[in-house]
Amino acid sequence: MSGSRAVQHVLAPAALVVAAALLGSTVSRSTEIYFISALVSVSVVVALYTFVGNSGVLSFGHISFFAVGVWAAGVLSVPAEEKPATMPYLFDFLSSTTVGNVPSLAIAAAAGGAFALLVGLPLMRLSGLAAGIATFAVLGITNNILRYYEKIGPGLNTFSSVPETTDLFQATVGALLAIVAAFAYQRSRFGRQLRATREDPPAARAVGISIYRQRLGAFALSGFLAGFAGGLYVHFLPINADAVYLDLTFITLAMLVIGGATSLWGAVVGALAVSALDSFLASAENGVDVLGRTIEVPSGTRIVVVSALMALVLILRPNGLTGGREFSFERLARRLHPAAQEAAR
Amino acid sequence: MTGLLGSGTTDFVGDALDLQVQVDAIGLGAVFALMAVGIGLVFGVLRLVNFAYGQLIMAGAFALAFASDRDWPVGLGIALCFGVVLALSLAMERVVFRPLRTQSGAVMLIATFAVSFLLQSIALLWFGPLGKTATSLVALNRPVSVGDVEIRKITVVAIVTTAICLALLVLLLNRTSIGLHMRAASMDFSTARLLGVRANMVSGVAVLISGVLAAVVAVMLTVQYPTVTPTFALQETIIVLAGVVVGGMTRLLSATLGGFLIGYVSGLLGGALPTAQSQYLPSFLFGLVILVLLVRPDGLFTRHRGLVERV
């Protein structure tokens, strides 16, 4: 792979994110929310991609790392004087510590990464269905504990008074950071080794790659990124334990699969495309003008459309919209001018 | 979660051995075993984990609620439930499972995940988050006293129904030619096809039987939980899926035992955990699942297969 082509692989997704951000800066405040949400989705889906895309192992557990990031950043960012009212049972050290915006994001990422490493140590020995169910079990346990253990957070209540610092700028920077980290990883020797285990495990083992170690590394990194995204999310919307469980697991997996799970380009395209559709439907639930006509759909339509779309993409294009390949100008040019390709031959 | 292994331990064991808890746990295990058969049968033939199985049950439960809303006779309601679930199963097979038959297990699992959310969200759109109530069979939920133990009629019904269903299924699989075809397909689908087993027929029948079982489960679950919401049977399906993998998906028997075991264990935990800890029941259950998977990734009840295949 030549250097210039590799640069496309990071520049194209980054450019798409920046384009979305620029578009988002031109719209009204109420529409901007959708853009911020889409950009945070990019961070989550890129985190998920870092493990699932490179390893080929399905994980239902990533939203637990996201949730840990939400809890870490959320609990530590609520102003100290408000904690006794909203979270009266907190451990003392959590109750007495309050950190700023950027440190809280760093702590969220660290917490997500540490939790993923801890969980991965035993779980990365598994593969196939056993791995899928075990990661699901982690999600179930995490949600169950966050929901009822009030010494570490608000329990069943919604986070309140978390400073809303995730604006369009921070969401964009966050998404770009996640993309750069994922790109750096997949270009590194570790990323390549893991991709080799995805394509052919026995052959990879034969050249001395430890499948366990490579998967564990990617799992921890992607937990780190997921925790970071969780931090961004809690600074954006007031959320509770229900918001970080099955629905979010489903929608993020849907984004990854619809875009194309095996490429960074696919992860970003999927996140933005599904977010765009979802936002459109969300506003259509309140009535939206399209070409002079007002369209109004019943509330709840979004998830019907998104899940039908996901099933459809899987049936018609199992490798996703991008075919699971990275962006390439050459291929785009060939696609646009098939004649030029003939002539070149 | 402190104090679990403290003074409470002896009470915990005592409660778990209590006859009442045992009876309820076996009843729960029986229902879960039926669901496990439904999931395991489709997996055996199609190598597909059907995450949307719970939504088949949910659809059947809504059919029962629909009938009870209109004061239909019980038999008609049950017939509607079977009709809806079977139609939905066949549609699912035709539209989703069949085109995906050549895809990897992960793609199929995510596709059924999508179908599950699709059906759930359609139900949400249609019936709202509060759902409906199915009351026509509630009489079965009343207890009968046998000695010190209060047995709800549904527990007996569940155990007997499960036994009958399993016996019929064993007869079908071992004594009929379609059963033979299904067993052949579950061992090696492509070789079975070469030998004249009709693929669409076999997968259709597997899905149909699994649909019949889903309808039976729908009837039994609505007796115990008459409030039918879009998330009806979702939690149960997740737990049964875990149980099926814990038992071992490669054989129907081990999958069934896994389903029964996880139902039984969650019944025991539910009955024996002190109230303060009972809200953490899912954590205990999933923790056990992870432990078992780490020790026996191929399943508790599978035979050791020796070296890794296809190296």
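Residues numbered from 1 in each chain as written. Chains lettered and ligands numbered in written order. Predicted model: local features only at pLDDT ≥ 70, side-chain atom pairs only at ≥ 80, totals over all residues.

Before going further, it helps to spend a moment on the overall build of chain B. Within chain B one finds 13 helices and four strands. The C-alpha atoms of chain B give 20 Å as radius of gyration, which agrees with the globular expectation for 311 residues (19 Å, within 12%). The principal-axis extents of the C-alpha atoms in chain B amount to approximately 60 × 55 × 40 Å. The buried share of chain B, taken over its 311 residues, is 48%. Sequence-distant contacts in chain B: of pairs separated by 6 or more residues, those separated by 24 or more amount to 76%. (Helix = DSSP H or I, 4+ residues; strand = E, 2+ residues; numbered from the N terminus. Rg over C-alpha atoms; globule rule 2.2 N^0.38 Å. Buried ≥ 20, exposed ≤ 12 C-beta atoms within 10 Å, placed from the backbone. Contact = placed C-beta atoms within 7 Å.)

Helix and strand counts for chain A come out as 16 helices and two strands. The C-alpha radius of gyration of chain A comes to 21 Å, within 12% of the 20 Å expected for a compact globule of 345 residues. Its C-alpha atoms give chain A principal-axis dimensions of roughly 75 × 60 × 35 Å. Within chain A, buried positions represent 50% of all 345 residues. Look at the contacts in chain A between residues 6 or more apart in sequence, and 81% of them connect residues 24 or more apart.

A few words now on the interface of chain B and chain A. Facing the 36 residues of chain B at the interface are 32 residues of chain A. Elements that contribute at least two residues to the side of chain B that touches chain A include exactly α5 (105-127), α10 (234-247) and α13 (281-295) of chain B. Among the elements that line the side of chain B that touches chain A, the one with the most residues is α5 of chain B, at 15 residues. Here the side of chain B that touches chain A is composed, by residue class, of 30 nonpolar, six polar and no charged. (Nonpolar A, V, L, I, M, F, W, Y, C, P; charged D, E, K, R; others polar.)

Attention shifts here to helix α2 (residues 29-55) of chain A. Residues and elements named next belong to chain A. If you check α2, its first and last C-alpha atoms are 39 Å apart, about what 27 residues at 1.5 Å a residue would give, namely 39 Å. Counted residue by residue, α2 has 20 buried out of 27 residues, so it is predominantly covered. Directly beyond the C-terminal end of α2, a positive phi value near 75° is found at G56. (Expected span 1.5 Å × (residues − 1).)

All names here are of chain B. With four bridges connecting them, strand β2 (residues 143-146) and strand β3 (residues 149-152) associate as antiparallel partners. Paired with V144 across the two strands is I151, which belongs to β3. From the end of β2 to the start of β3, which pair antiparallel, there are two residues, and G147 there has a positive phi angle of about 65°. (Pairing = 2+ DSSP bridges.)

What follows is about the environment of E150 of chain A. Residue and element names in this part refer to chain A. Tracing the backbone shows E150 in the loop between α7 (128-148) and α8 (168-187). Separated by 71 residues in sequence, E150 and P79 place their C-alpha atoms 18 Å apart. When neighbours within four sequence positions are excluded, E150 is seen to be in contact with Y89 and G155.

The next subject is the environment of V42 of chain A. Residue and element names in this part refer to chain A. Its location among the elements puts V42 in helix α2. Residues V42 and A178 lie 136 residues apart in sequence; the distance between their C-alpha atoms is 8.3 Å. Ignoring any residue separated from it by four or fewer positions in sequence, one finds V42 in contact with V17, A175, A178, V268, A271 and L272.

A few words now on the environment of V245 of chain B. Inspection of the secondary structure puts V245 of chain B in helix α10. For the pair V245 of chain B and V49 of chain B, spaced 196 residues apart in sequence, the C-alpha to C-alpha distance is 9.9 Å. If we skip the residues at most four places from it in the chain, V245 of chain B touches L129, A130 and I133 of chain A together with G299 of chain B.

Residues and elements named next belong to chain B. Closest axis-to-axis distance for the helix α3 (residues 53-69)/helix α4 (residues 74-97) pair is 8 Å, and the angle between their directions is 150°. Here α4 runs roughly antiparallel to α3, going by the angle between their axes. As α3 runs across α4, the sense of the crossing is right-handed. On α4, the residues touching L56, A59, G60, A63, L64, F66, A67 and S68 of α3 are L76, G77, L80, C81, V84, V85, L88 and S89. Grouping the constituent residues of the contact of α3 with α4 by class yields 12 nonpolar, four polar and no charged. (Axes fitted to C-alpha atoms, helices over the stretch in contact; angles between N-to-C directions. Parallel < 35°, antiparallel > 145°, perpendicular 65-115°, else oblique. Left-handed = near helix turned anticlockwise from the far one by under 90°.)

Running from N to C, helix α14 (residues 301-316) of chain A and α5 of chain B point in directions that differ by 155°, and their axes come no closer than 8 Å. On the basis of the axis angle, α14 of chain A is roughly antiparallel to α5 of chain B. In this structure, α14 of chain A crosses over α5 of chain B, and the sense of that crossing is left-handed. Touching T301, I303, V304, S307, A308, M310, A311 and L314 of chain A of α14 of chain A are V107, I110, A111, A114, V115, F117, L118, S121, I122 and L125 of chain B, all from α5 of chain B. Class assignment of the residues belonging to the contact of α14 of chain A with α5 of chain B gives a composition of 15 nonpolar, three polar and no charged.

Model confidence for chain A is summarised by a mean pLDDT of 89, while 94% of its residues fall at 70 or above. For chain A, helix α16 (residues 338-344) of chain A is the element with the lowest average pLDDT, namely 58, and helix α11 (residues 211-234) of chain A is the one with the highest, namely 96. (pLDDT = per-residue confidence, 0-100.)

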